[in-house]
Amino acid sequence: MLKIYNSLSNQKEVFTPITDNKINMYVCGMTVYDYCHLGHARVMVAFDVVYRYLIAKGYDVTYVRNITDIDDKIIQRANENGEDFSQLTERFIDAMHEDEKALGIHPPTFEPKATDNIEAIIDMISTLIDKGYAYQGASDNDCTDVYYSVSKFEGYGKLSGRNPDDLRAGERIAVNTDKQDPLDFVLWKCAKPDEPYWDSPWGKGRPGWHIECSAMSTQILGNHFDIHGGGHDLQFPHHENEIAQSEACTGEHFANYWMHNGFIRIDEEKMSKSLNNFFTIRDVLKDYKAEVIRYFMLTSQYRSPLNYSTDQLDAAHAALDRFYTALRGLDLSAGDNADQVKSSYEERYEEAMDDDFNTPEALAVLFELAREVNRARQAEDKKEDKSESLRLAKILFKLTSQLGLLTGDIEDWFKGDAGSDGISNEEIETLIQQRLDAKANKDWALADKIRDELVAQNISLEDKGPKTIWRRD
C-alpha cells in the first residue's frame, strides 16, 4: 500500500489514483538560462525514481515536466550575450538533456515549453478576468499588465499554511504599481522595448511565471490530476499561486497530492545560482561517474535536505562498487527469470519504497541482498550448481534497476576509460596475458614485475584460478 507525504495535508496519505491503474503527474521543470546544477539534479532524480517505481508497480503513468523558456532571467542573460532568447534557451535545453541522459533520467511523457503554449495561457487569463479573479492595470502604450486578485480566492494559503493577512502585514505596495493588493501577482506582463513579446487582448507582452504551469498542466492532464511535484522552494509562492489560478479558472480541485523534494545544501546553505554556491552537473561529472551522483541523491529520503561534499560522493562510489562486485562475472541473462513468488528482500524493499519512496531504507535492504549474493557465490565456488547466487543476483539487479542503478555494463564500471594519459584497456589485457604466461613458465620475477607496473598505473589485479580480473582504482 503506497503512502505519499502530501504537502497539502502535511501528512502521509494512502495513495489512491483518480482513475484505477492510471496516474497523471506534473513536475515543475527547469528555467533554461544556464547549465543545470546539482539542485536541479535532485529534482530530476527524485521524480525519476517516483516515475520508475510507479511504473514498476504496474501503473500507467503520464509524466509531464515543463520547461520555462521565457522569463526575466532568460531575457537578461540573452541581452548580456547579445543573442536571441530562443537561441539561448535551445542551447541550454540541449545541455539539460545531455545531463539527464548522463544521470539515467527517463524522458517524461510530455515536456511542454511555455512559449509553445501561449494560446492556452491567454485563454486561462481571459477566463480568470471573466470570472472576476483577475484585473487589468493602467494602460501603457496600448498594453496593460494583468494581475491575479488573491483576495478573491478563498483558499489562498492552504498549501503553504500561510495566512494572507500575515503576508500582507509584511508587504508594501511599490510606487507606481497597478496592484490592488500587495499579494496580487502578474499574469501578463507588458513587453519593454526590445523584449520578446506575443500579441494578446491586453497588448504585446508575455506570461507571468505562475500562469505558465497552470496552463500547461491542465492543458495536458486535465483540470484535476493525481500528483504535482517540484522543489521545496516552489511551495510558496509558485505552487500556491498555481492552485489559486487553476481552481479559480476551472472550478475543480487541482491536484490531489503535492510532493516537494528537499534542497542540496553546502555549508548549511541551499545550493543556488543566486548565492553563487552551486556546482553544475557537468562540472561534477568531470571527477565522478554519473551513477555516483545519482546514488548520492538516493542516500537521503527525497523530502530531506542533502549535504553535498566530495566525501559523500566518494562514499557513493564505494557503495556502488559493492553492488557491482556482487554481480561481476555472473551471466544475468542465463536461466529462468527470478521467482514469481516475491522474496523477503523484495517485500522489504517494496515496504520501504511504499513508505513515501524511502530510498535510504530501500538501499539498506539491497546491501543485505548483495551480501547474501556474495555468501551464496562463496558457498557455490567449487560447485557446478550456481543457481542460488544467480537467483539472488537477478533480484538485486531488478530492484537496483528500479532506482536507475546498475544499468550500465558491469565490466565498464571497473575498467572505465583510460583518459588522455592512462594505460589503455588493450595494453592492460596484453600485460595480464604476459603475466599469466610468465606464471605458467614459473618466471615469478617477471610476473611480479608486470604486476608492479600495473599497480603503478593504479590497476588492481585479482587472481581467480586460471583467470585474472582487473579494475582501475
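Residue numbers run consecutively from 1 along every chain, following the written order of its sequence. With pLDDT at 70 or above as the cut-off, local features in this predicted model cover only qualifying residues; side-chain atom pairs require 80 or more to be listed or tallied, and sums for whole chains, interfaces and linings still use all residues. Each side-chain value is worked out from all heavy atoms of the structure, with water and hydrogens disregarded.

1. A short note on the packing of aromatic side chains
Heads up, the rule is: Classification of ring pairs rests on two measures: the distance between centres of Phe, Tyr or Trp rings, Trp counted by its six-membered ring, which must be within 6.5 Å, and the angle between planes, read as stacked under 30 degrees, edge-to-face over 60 and tilted in between. Per the convention used, a helix needs a DSSP run of H or I reaching at least four residues, while a strand needs a run of E reaching at least two, with both numbered from the N terminus. To sort residues, take the accessible area from a 1.4 Å probe on protein chains only and compare it with the maximum for the residue type: under 20% means buried, over 50% means exposed, and anything in between is partly exposed.
In the structure shown here, the tally under the stated rule is 19 aromatic pairs. Between Trp188 and Trp202, the ring centres sit 5.8 Å apart and the planes meet at 55°, which makes this aromatic pair tilted. Residue Trp188 is found in strand E7 (residues 185-190), and its partner Trp202 is found in the loop between E7 and strand E8 (205-207); the two are separated by 14 residues along the sequence. Residue classification places Trp188 among the buried positions, given a relative accessible area of 0%.

2. Structural notes on the state of the cysteines
Filter applied, for reference: Pairs of cysteine sulfur atoms within 2.5 Å are identified as disulfides in what follows.
Under the criterion given, the structure shown has 1 disulfide. Disulfide pairing is shown between Cys143 and Cys190; the S-S distance is 2.1 Å. An S-S torsion of about -100° defines the bridge between Cys143 and Cys190 as left-handed. Residue Cys143 is located in the loop between strand E5 (134-136) and strand E6 (146-148), and its partner Cys190 is located in strand E7; the two are separated by 47 residues in the primary sequence. You can call Cys143 buried: its relative accessible area is 4%. With no disulfide partner, Cys28 has as its closest neighbouring cysteine sulfur the one in Cys213, 3.8 Å distant. With a relative accessible area of 1%, Cys213 lands in the buried category.

3. Some words on the nonpolar core
Note on soluble globular proteins: their nonpolar side chains tend to be buried together. Test applied: Only buried residues count toward a nonpolar core, which is a set of Ala, Val, Leu, Ile, Met, Phe, Trp, Tyr and Cys residues joined through side-chain atoms within 4.5 Å. Here the bounds of each domain stem from an automatic or database domain assignment. The criterion used for residue contact is that any of the two residues' heavy atoms lie within 4.5 Å.
In this structure, Phe323 and Phe357 are the most contacted members of the largest nonpolar core, which totals 128 residues. When residues of this core are assigned to their parent elements, the largest contribution, 12 residues, is made by helix H1 (residues 38-56). Residues lining this core come from more than one domain, with at least three contributed by each of domain 1 (3-261) and domain 2 (308-411). For Phe323, the contacting residues outside a window of four places in its chain are Tyr295, Leu363, Leu366, Phe367, Ala370, Leu396 and Leu406.

4. Side note on the UniProt feature "binding site: Zn(2+)" (unreviewed entry) in the protein
Formally: UniProt positions are given in the numbering used here, feature names are shortened, and annotations may be inferred rather than shown by experiment. Cavities and pockets are found on a 1 Å grid laid over the protein atoms alone: a cavity is a set of points where a 1.4 Å probe fits but cannot escape, a pocket is an open set with protein on both sides within 12 Å along at least five of seven lines, and a lining residue has an atom within 4 Å of such a point.
UniProt records the feature "binding site: Zn(2+)" (unreviewed entry) for Cys28, Cys213, His238 and Glu242 in the present numbering. Spatial clustering of the annotated residues is evident: they stretch over 215 residues in sequence, but the largest pairwise C-alpha distance comes to 10.9 Å. Checked against the lining of the largest pocket, the annotated residues reduce to Cys28, Cys213 and His238. Classification of His238 by relative accessible area gives buried; the value is 1%.

5. Observations concerning the domain arrangement of the protein
Definition in use: Buried area is understood as the total, over both parts, of accessible area removed when two parts are fitted together, assessed with a 1.4 Å probe. For this analysis, a salt bridge means a side-chain nitrogen from Lys or Arg found within 4 Å of a carboxyl oxygen belonging to Asp or Glu. Two N or O atoms count as a polar contact when they lie within 3.5 Å, although within protein this holds only if one can serve as hydrogen donor and the other as acceptor, and sequence-adjacent residues are included solely when both atoms are side-chain atoms. Classification convention: Asp, Glu, Lys, Arg as charged; Ala, Val, Leu, Ile, Met, Phe, Trp, Tyr, Cys, Pro as nonpolar; all other residues, Gly among them, as polar.
Partitioning the protein into domains gives domain 1 (3-261), domain 2 (308-411) and domain 3 (416-472). If you look at the interface, domain 2 gives 4 residues, while domain 3 gives 4 residues. Counting the surface lost from both domain 2 and domain 3, the interface buries some 280 Å², and carbon and sulfur atoms represent 25% of this. It is Asp321, Arg328 and Glu411 that lose the most area in domain 2 upon contact with domain 3, and together they represent 90% of the buried surface on that side. At the junction of domain 2 and domain 3, the tally comes to 1 salt bridge. Counting the contacts that link domain 2 with domain 3 gives 2 residue pairs in polar contact (both at pLDDT 80 or more). Partitioning the side of domain 2 that touches domain 3 into residue classes produces no nonpolar, 1 polar and 3 charged.

6. Re the pairing of E7
A regular strand places its side chains so that they alternate between the two faces of the sheet. Inclusion rule: By this definition, two strands are paired if DSSP reports at least two bridges between them.
With 3 bridges connecting them, E6 and E7 associate as antiparallel partners. Its bridge partner being in E7, Tyr148 is matched across the sheet by Phe185. Relative to E8, E7 runs antiparallel, the two sharing 3 bridges. Paired with Trp188 across the bridge in E8 is Pro207.

7. Observations concerning the layout of surface pockets
Heads up, the rule is: Grid points are joined across faces, edges and corners, and a volume is the space filled by probe spheres set on the points.
The computed volume of the largest pocket comes to approximately 1000 Å³. For the largest pocket, the lining is made up of 45 residues, of which Thr31, Lys73, Trp209, Asp233 and Leu234 are closest to its centre. Listed by contribution, the elements that provide at least two residues to the lining of the largest pocket are H1, helix H2 (72-81), E7, E8, helix H6 (209-221), strand E9 (225-231) and helix H7 (235-250). A breakdown of the residues in the lining of the largest pocket according to their chemical character gives 16 nonpolar, 17 polar and 12 charged. Considering only enclosed or pocket space, the second largest pocket measures out at about 800 Å³ in volume. Around the second largest pocket, the lining is made up of 24 residues, and of these Arg328, Gly329, Arg377, Lys464 and Ile469 lie nearest the centre. When residues of the lining of the second largest pocket are traced back to their parent elements, those giving at least two are helix H12 (359-379), helix H13 (387-402), helix H14 (410-415), strand E14 (459-464) and strand E15 (467-472).

8. Focus on the pairing of strand E10 (residues 255-261)
How we decide: Here, the term right-handed applies to a crossover whose path from the first strand over the helix to the second runs clockwise when the strands point away from the viewer.
Extensive coverage of E10 is indicated by the burial of 6 of its 7 residues. For E9 and E10, the ladder comprises 6 bridges, and the chain directions are parallel. Across the sheet, Ile227 pairs through a bridge with Tyr257, a residue of E10. Crossover connection from E9 via H7 to parallel E10: handedness right-handed.

9. Topic: the side chain of Asp184
Formally: The positive count covers Lys and Arg only, the negative count covers Asp and Glu only, and His and the chain ends enter neither.
Relative to the helices and strands, Asp184 is located in the loop between helix H5 (164-169) and E7. Of the side chains with opposite charge, Arg168 comes closest to the buried, unpaired Asp184, at an N-O distance of 6.1 Å. Among the polar contacts made by the side chain of Asp184, one reaches the side chain of Tyr135 at a distance of 2.6 Å. A distance of 2.9 Å separates the side chain of Asp184 from the backbone nitrogen of Val150, its partner in a polar contact. Each residue touching Asp184, except ones within four places of it in the same chain, is listed here: Tyr135, Tyr147, Tyr148, Ser149, Val150, Ser151 and Lys179.

10. Some thoughts on the pattern of salt bridges
Taken as a whole, this structure holds 35 salt bridges when the rule is applied. The shortest N-O distance in the salt bridge between Asp355 and Lys12 comes to 2.6 Å. With Asp355 in the loop between helix H11 (344-354) and H12 and Lys12 in strand E2 (residues 11-14), this residue pair connects regions lying 343 residues apart in the sequence. According to the relative accessible area criterion, Asp355 is partly exposed, its value standing at 28%. For Asp99, the salt bridge goes to Arg282, with nearest N and O atoms at 3.1 Å. Highlighted residues: Asp99 in helix H3 (residues 85-102) and Arg282 in helix H8 (residues 281-284), separated in sequence by 183 residues.

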